[in-house]
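Residue-level listing of the chains:
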Amino acid sequence: MHRIATAALLLSPLLFAAGCTHASPVASIPETDHVENPALSGPVDVVRDEQGIPHIYAGSIEDASFVEGYLMGEDRLVEADLARHSAEGTLAEIGGDLSPSLIDSDILMRMHHMKKTAEDEFTALKASTDPSAQLLVRSLGKFAAGMNAYVADLKSGRYTLPG
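Residues numbered from 1 in each chain as written. Predicted model: local features only at pLDDT ≥ 70, side-chain atom pairs only at ≥ 80, totals over all residues. Heavy atoms only, no water.

**Some details on the overall build of the protein chain**
- A tally of helices and strands in the protein chain yields six helices and three strands.
- Helices (α) and strands (β) of the protein chain occur, in sequence order from the N terminus, as α-β-β-β-α-α-α-α-α.
- The buried share of the protein chain, reckoned over its 163 residues, is 31%.
- Taking as baseline every contact in the protein chain between residues at least 6 positions apart, the subset at least 24 positions apart corresponds to 46%.
- Carbon and sulfur atoms make up 62% of the accessible area of the protein chain, which amounts to about 10500 Å² in all. (Helix = DSSP H or I, 4+ residues; strand = E, 2+ residues; numbered from the N terminus. Buried < 20%, exposed > 50% of the residue type's maximum accessible area, 1.4 Å probe, protein only. Contact = heavy atoms within 4.5 Å. Areas by Shrake-Rupley, 256 points an atom, 1.4 Å probe, with all protein chains shown as cover.)

Below is the structure:
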């Protein structure tokens, strides 16, 4: 139950933004994007504040999660991929020639079984009958689908990378 509560805590800003019905603190800032995708059940608006932080307004947590994943891909795809490689203990596969010390880092991460632990915890979460656990599973799936949708848009040429 503690893991579910921790995951819910991590999603609480998302839950607040998705269910917000009062005047938005960023209402004076113009909408920066209106997201449309077949994976969404309704319209989703994104407002970026003065610091570029996206505020997501959606009719459901699942839709907000999808858009959050999409924006994560748009804003932090490389960072997310490096974090994944770090947790899996596979950073040396992509940067070992630049920094041989990454092998030591990979060994340490593999000793902690981060990937297996995460997979086991997600399997347990999926098996739970707790409604909040099921909401979290759906939200995480939608988040991943959103990131994958951004990658697909990038591959299709809809966006180009700087450089």
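And the narrative resumes.
**Describing unusual backbone geometry**
- With phi around 55°, His113 is a residue other than glycine that occupies positive phi space.
- Examined against the element boundaries, His113 turns out to sit in the loop between α4 (102-111) and α5 (114-127).

**Thoughts on the packing of aromatic side chains**
- If you walk through the whole model with that rule in mind, you get two aromatic pairs.
- Judged by centre distance (5.4 Å) and plane angle (90°), the rings of Tyr70 and Tyr150 are edge-to-face. Of this pair, Tyr70 sits in helix α2 (residues 61-88) while Tyr150 sits in helix α6 (residues 131-155); the two residues are 80 residues apart in sequence, bridging distant segments of the chain. As far as burial versus exposure is concerned, Tyr70 and Tyr150 are alike and both buried.
- Here a set of aromatic residues connected by ring pairs shows up, and it is made of Tyr70, Tyr150 and Tyr159. (Phe/Tyr/Trp six-rings, centres within 6.5 Å; stacked < 30°, edge-to-face > 60°.)

**Structural notes on the confidence of the model for the protein chain**
- For the protein chain, per-residue confidence averages 83 on the pLDDT scale, and 80% of positions sit at 70 or higher.
- The least confident element of the protein chain, judged by mean pLDDT, is helix α1 (residues 2-19) at 44; the most confident is α6 at 95. (pLDDT = per-residue confidence, 0-100.)

**Focus: α6**
- Look at α6: 36 Å from first C-alpha to last across 25 residues, which is about the 36 Å you get at 1.5 Å a residue.
- At the C-terminal side of α6, Gly157 shows a positive phi close to 95°. (Expected span 1.5 Å × (residues − 1).)

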